[in-house]
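# A look at the structure
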Amino acid sequence: MLWSLFKIILFVVLIGAATVGATYMLETDGGIRVDIGTQEYNLGALQAVIALIVLVVALWILLKLAGLIVATIRFLNGDETAISRHFDRNRERKGYEALADGMMALASGEERTAITKAARAERYLRRPELTNLITAQAAEMAGDRKKATEVYKRLLADERTRFVGVRGLMKQKLEEGDTDTAMKLAEKAFALKPQHAETGDVLLALQATQNDWHGARETLGKKVKHGALPKDVGKRRDAVLALQEAKGIFQDGNSIRAREAAIEANKLSPDLIPGSVLAARSYLEQDNKRYAARVLTKTWKVQPHPDIAEAFAEIEPDETPEQRLKRFKALTKEHPDHPENKMLLAELHIAAEQFDKAREALGDLPTTKPTQRVLTLMAAIERGLEAPDSEIRAWLAKAVVAPRGPQWVCDKCHTVHADWGPVCENCGAFDTLSWTEPRETDMKMPGGTRMDALLVGAPDIAPDREMVAEARAEDHEALVGGSDPADEAVDVTPAEATETESKN
């Protein structure tokens, strides 16, 4: 509306300016004298301007006639398309100008202008493979999904534009939430152009969300084969998919095939913690403890993790705390300064009633990295050393508000997950979960409940149930009376405190 009004005002201004200019020239003295042979022509200022305009128009017509004459001569010499090319040249120029204007309008967010320019370009060029895409994208931006769908379907008719049409329809179905149809369209698009990275990623994500791990592995193999994915990344992701395939086979009851898939996943990526744990448990089902220990030790060297320690404890479930402490040296000798290694040693020493050594194993973690798990271990150590209840309660009170340590965090959207998975539950990204410190600290504490798996034959250092109930009642009265909660914290055992924090 404003643009139309502006054009009308501009037209009136130009007409007014031309009228003023003509009047000024009529009143101006002097002019131009032209001598041609014995003829002399005297032109006034306005006449001279008009003569110049006529001369330019005549020159333009002369050039056009010259081009037509040249095309005619070529046609007479046997070039059957010379005259048609001469006339088509002007149409192409106008068509490509309209096409360029349409692309600029699309980039500027002027959807309706882009559709109009695309239609004009189609009228001159008759090249639907160029104009339909602009029309479809402009229709989507304008919210006209029906027109966009219609144009995308027209693109399917041409082999050159079939991929673009399928991909456009696939994106529409994804936005609508129709994942089944979107997956079929993604398979079609990927078959047409397997080297297209984005389409392969979409198909892979859809197959992962629908637990089609076998199909996802085939898609991944094609992506690597056609160079759409580096080989090392493809190997890692293939391990992730093999791991999920193994879990699915375990659920189906085919334990033999599941064990093979789990071991394959570990071989593809030894640093994949869930794959290592599953492979170790597969070896244990075969009563191959040596291979299970080797797999877990190799992964621990790459990255210490509480899941690895838990699986390592399952190798000899009936051993004494002293025997376990000795066997775990295969793990604890690696990365002696790693926080996870220090916490593991502390747990093992607590189980063996070596509380001084447990405190020594933790080192400066209570001050440098005071996570909930570290502080809960300190409470257990103080209880074992028969420290005053006030000191134990102080450690537990600190644990309630302390950070919860490393978690499975999505590298893309930073969402914290309770357990590892191949796909982020929030953003749907594939293979983006890393064991790292989260931005938020209000997630579950890892490894807290796993402490019991390591405390084989741990001493009963907890007070009796009546004492616990009495302490809780005192805590409730203290909170009602407004006293300091830290001084009146609930008296619970370290194992109970760890389990409670994990549930929270």
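Residues numbered from 1 in each chain as written. Predicted model: local features only at pLDDT ≥ 70, side-chain atom pairs only at ≥ 80, totals over all residues. Heavy atoms only, no water.

## What to know about the overall build of the chain
Which entries qualify depends on this criterion: Only runs of H or I of at least four residues qualify as helices and only runs of E of at least two qualify as strands under DSSP, and these elements are numbered from the N terminus. Think of it in three bands: with a 1.4 Å probe and only protein chains considered, a residue is buried below 20% of the maximum accessible area for its type, exposed above 50%, and partly exposed in between. Whether two residues are in contact is decided by their heavy atoms: any pair within 4.5 Å suffices.
Counting its secondary structure elements, the chain contains 25 helices and five strands. Buried positions account for 39% of the 504 residues belonging to the chain. Long-range contacts, defined as pairs at least 24 residues apart, comprise 54% of the intrachain contacts of the chain with a sequence gap of at least 6.

## Examining helix H22 (residues 389-401)
For the record, the criterion: Between the first and last residue of a helix there are one fewer steps than residues, each counted as 1.5 Å, and that sum is the expected span. Working definition: the arc comes from the directions between the helix axis and the C-beta atoms, pointing outward to the latter.
Between the first and last C-alpha of H22 there are 19 Å, a value that for 13 residues agrees with the 18 Å anticipated at 1.5 Å per step. Along H22, the positions that sit buried rather than exposed are Ile-392, Arg-393, Trp-395, Leu-396 and Ala-399. Viewed end-on, H22 has its buried residues packed into an arc of 155°, placing them on one side of the element.

## Digging into the packing of aromatic side chains
The description of two aromatic rings rests on the distance between their centres and on the angle between their planes. Just so we agree on the cut-off: Classification of ring pairs uses Phe, Tyr and Trp, with its six-membered ring standing for Trp, and accepts pairs whose centres are within 6.5 Å; under 30 degrees between planes counts as stacked, over 60 as edge-to-face, and the remaining range as tilted. Criterion for a charge above a ring: Lys NZ or Arg CZ within 6 Å of the ring centre, and within 35 degrees of the ring normal.
In total, this model carries three aromatic pairs according to the counting rule given. Seen from their ring centres, Tyr-283 and Tyr-291 are 5.4 Å apart, and the 55° between their planes marks the pair as tilted. Its relative accessible area of 32% is what places Tyr-291 among the partly exposed residues. The lysine or arginine in question, Arg-294, covers the ring of Tyr-291, its NZ or CZ lying 4.8 Å from the ring centre. When the ring centre of Trp-395 is taken as reference, the NZ or CZ atom of Lys-398 above it lies at 4.9 Å.

## Some thoughts on the sheet that holds strand S4 (residues 416-417)
Hydrogen bonds between backbone groups are what pair the strands of a sheet, and the pairing can be parallel or antiparallel. Put simply, the rule reads: Here the rule is simple: two strands pair whenever DSSP picks up at least two bridges between them.
With respect to topology, three strands assemble into an open sheet ordered S4-S3-S5, the strand pairing being antiparallel. Edge positions in the sheet fall to S4 and strand S5 (433-436), since each of these pairs with one other strand and no more. Two elements, strand S3 (residues 407-410) and S4, share two bridges in a ladder whose sense is antiparallel. Residue pairing in the sheet places Val-409 in a bridge with Val-416 of S4.

## A look at the pattern of salt bridges
For clarity, the cut-off: The working definition used for a salt bridge is a side-chain nitrogen of Lys or Arg within 4 Å of a carboxyl oxygen of Asp or Glu.
For the structure on display, the rule yields 20 salt bridges. We note a salt bridge from Glu-150 to Arg-154, for which the minimum N-O separation is 3.4 Å. Taken as a pair, Glu-150 and Arg-154 lie in helix H6 (residues 145-155) at a separation of four residues, close to a single helical turn. Residue Asp-364 is joined to Lys-342 by a salt bridge in which the shortest nitrogen-to-oxygen separation is 3.7 Å. Taken together, the positions of Asp-364 in the loop between helix H19 (355-362) and helix H20 (365-368) and Lys-342 in helix H18 (residues 339-351) put the pair 22 residues apart, joining distant regions of the chain. By relative accessible area, Asp-364 is classed as partly exposed at 39%. A residue is classified by how much of its surface remains accessible, and Lys-342, at 16% relative accessible area, is buried.

## What to know about the packing of helix H13 (residues 273-285) against helix H15 (residues 306-313)
Here is the rule: Axis definition: a line fitted to C-alpha atoms, over the contacting stretch in the case of helices. Angles run 0 to 180 degrees between N-to-C directions. In what follows, roughly perpendicular refers to angles from 65 to 115 degrees, roughly parallel to angles under 35, roughly antiparallel to angles over 145, and oblique to any angle outside these ranges. In the scheme used here, Gly and all other residues not listed as nonpolar or charged are polar, with Ala, Val, Leu, Ile, Met, Phe, Trp, Tyr, Cys and Pro taken as nonpolar and Asp, Glu, Lys and Arg as charged.
For the pair H13 and H15, the least separation of the axes is 9 Å and the interaxial angle reads 5°. Relative to H15, the element H13 is oriented roughly parallel. Across the interface between the two elements, Ile-273, Val-277 and Arg-281 of H13 pack against Asp-307, Ile-308, Glu-310 and Ala-311 of H15. Split by residue class, the contact of H13 with H15 holds four nonpolar, no polar and three charged.

## A look at the environment of Ala-399
Tracing the backbone through its elements, the reader meets Ala-399 in helix H22. Distance in space between the C-alpha atoms of Ala-399 and Thr-371 is 7.0 Å, their sequence separation being 28 residues.

## A few points about the environment of Ala-48
With respect to the helices and strands, the residue Ala-48 is situated in helix H2 (residues 45-76). Separated by 15 residues in sequence, Ala-48 and Arg-33 place their C-alpha atoms 9.5 Å apart.

## Some remarks on unusual backbone geometry
If you check the backbone angles, Asp-287 has positive phi at about 60° while not being a glycine. With respect to the helices and strands, the residue Asp-287 is situated in the loop between H13 and helix H14 (289-302). Judged by relative accessible area, Asp-287 falls into the exposed class, the value being 61%. Its identity as a non-glycine residue notwithstanding, Glu-386 has a phi of 60°, on the positive side.

## Looking at the packing of helix H7 (residues 162-176) against helix H9 (residues 197-209)
Our working rule: Two helices crossing with the near one rotated counterclockwise from the far one by less than a right angle form a left-handed crossing, whereas a clockwise rotation gives a right-handed crossing.
Orientation of H7 relative to H9, taken along the N-to-C sense of each, is 40°, at an axis distance of 12 Å. Accordingly, the angle class assigned to the pair H7 and H9 is oblique. Handedness of the H7/H9 crossing: left-handed. Where H7 approaches H9, its residues Phe-163, Arg-167, Met-170, Lys-171 and Leu-174 are matched on the opposing element by Glu-198, Thr-199, Val-202 and Leu-206. Of the residues belonging to the contact of H7 with H9, the class tally is five nonpolar, one polar and three charged.

## Here's the deal with the state of the cysteines
The cut-off we apply is this: Two cysteine sulfur atoms form a disulfide, by the criterion used here, when they sit within 2.5 Å.
All told, the structure shown has zero disulfides when counted by the stated rule. This cysteine, Cys-410, is not joined by any disulfide, and Cys-424 carries the nearest cysteine sulfur, 3.6 Å off. Cys-413 supplies the cysteine sulfur nearest to Cys-424, a cysteine that is in no disulfide, at a spacing of 3.5 Å.

## Some remarks on the side chain of Thr-371
Looking at the secondary structure, you find Thr-371 in the loop between H20 and helix H21 (372-384). Under the relative-accessibility criterion, Thr-371 is labelled buried at 11%. Those residues within four positions of Thr-371 in sequence are excluded, and the remaining contacts are Ala-402, Pro-403, Arg-404 and Gly-405.

## Description of the nonpolar core
Going by this rule: Among the buried residues, those of types Ala, Val, Leu, Ile, Met, Phe, Trp, Tyr and Cys that are joined through side-chain atoms within 4.5 Å form a nonpolar core.
Membership of the largest hydrophobic core comes to 47 residues, with the highest contact counts inside it found for Leu-241, Leu-296, Phe-328, Trp-420 and Phe-430. Within the second largest apolar cluster, 20 residues are counted, among which are Ala-346, Leu-375, Ala-380 and Trp-395.

## With respect to the environment of Ser-282
The condition that has to hold: What qualifies as a polar contact is a pair of N or O atoms within 3.5 Å, subject to a donor-acceptor requirement within protein and to the restriction that residues adjacent in sequence count only when both atoms come from side chains.
Locating Ser-282 in the fold gives a position in helix H13. In this structure Ser-282 comes out as buried when scored by relative accessible area, which is 0%. Placed 19 residues apart in sequence, Ser-282 and Ile-263 show a C-alpha to C-alpha distance of 7.5 Å. Within the structure, the side chain of Ser-282 is placed 2.8 Å from the backbone oxygen of Leu-278, a separation counted as a polar contact.

## Considerations on the pairing of S3
Remark: a regular strand shows side chains that alternate across the two faces of the sheet. Side chains of S3 alternate between two faces, with Gln-407 and Val-409 and Trp-408 and Cys-410 buried alike. Relative to S5, S3 runs antiparallel, the two sharing four bridges. By the bridge assignment, Val-409 is partnered in S5 with Ser-434.

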